[in-house]
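Architecture at a glance
Spelled out from the first residue to the last, the chains are:
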Amino acid sequence: MSFPCLRRELAVCSAQEVEAFLDSAPDRWAVVSIREPDQPEPLLKAAARVHRVVFEDVLGPLGRHGLGPQPAHLEGIRRFARGNAPLVLQCWAGQSRSTAVALALIVEDLWAQGLEGAALVRQSTDLLLGLRPQARPNKRVLQFGLEPFLPPDLAPTLTAALLREPRLLRNFA
């Protein structure tokens, strides 16, 4: 989906959707592929380029395999996502980890344009739900995605505000 205010095309897919999505426009999309250690790697042969990350969809530092999301995972994703190439974010269900990364990237772009406060929460949520109506962003992934560009005390506050946004909150019910 194209977002002129973000100066990029952005998409979110599940592991089951991503191959068909990429096949519809071969060599066009860069892919961030997030998977758990016991899940198979998607082939992604029609991707322009791929950044693969392995971490569990948990809210703490450890999961069953000791691979909870860490700041370094998000920093690698941010480096890969720089620029305005079309980007698809993919995780197992396309609801938690990938939508948290998408939301962090959306917030970063809007923040750089000077949007703050309630307007930032509202517009970033609008964009995320336009991408993925069933989004349920992972809190830990989202906060780690926001920390590098926000003042230190703002990342946890904004994470909480975003996850309390009524339209996103409904997806957690």
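The following paragraphs examine the structure supplied in this document. (Residues numbered from 1 in each chain as written. Predicted model: local features only at pLDDT ≥ 70, side-chain atom pairs only at ≥ 80, totals over all residues. Heavy atoms only, no water.)

A word on empty space enclosed by the protein. Scanning all chains against the criterion turns up one cavity of 30 Å³ or more. Space inside the largest cavity adds up to approximately 30 Å³. Residue lining of the largest cavity: L74, I77, R78, V101, A104, L105 and G145, and that is the complete set. Contributions of two or more residues to the lining of the largest cavity are made by α2 (71–81) and α3 (97–112). For the lining of the largest cavity, the class distribution of residues is five nonpolar, one polar and one charged. (1 Å grid on protein atoms, 1.4 Å probe; cavity = no way out; pocket = protein on both sides within 12 Å on 5 of 7 lines; lining within 4 Å. Points joined across faces, edges and corners; volume = space filled by probe spheres on them. Helix = DSSP H or I, 4+ residues; strand = E, 2+ residues; numbered from the N terminus. Nonpolar A, V, L, I, M, F, W, Y, C, P; charged D, E, K, R; others polar.)

Moving on, we come to the pairing of strand β5 (residues 87–91). In terms of residue burial, β5 counts as a mostly covered element, since five of its five residues are buried. Burial of the side chains of β5 extends over both faces: L87, L89 and C91 are buried on one face and V88 and Q90 on the other. Taken together, the five bridges between strand β2 (residues 8–14) and β5 define a ladder with parallel strand orientation. For C13, the partnering residue across the bridge sits in β5 and is Q90. (Buried < 20%, exposed > 50% of the residue type's maximum accessible area, 1.4 Å probe, protein only. Pairing = 2+ DSSP bridges.)

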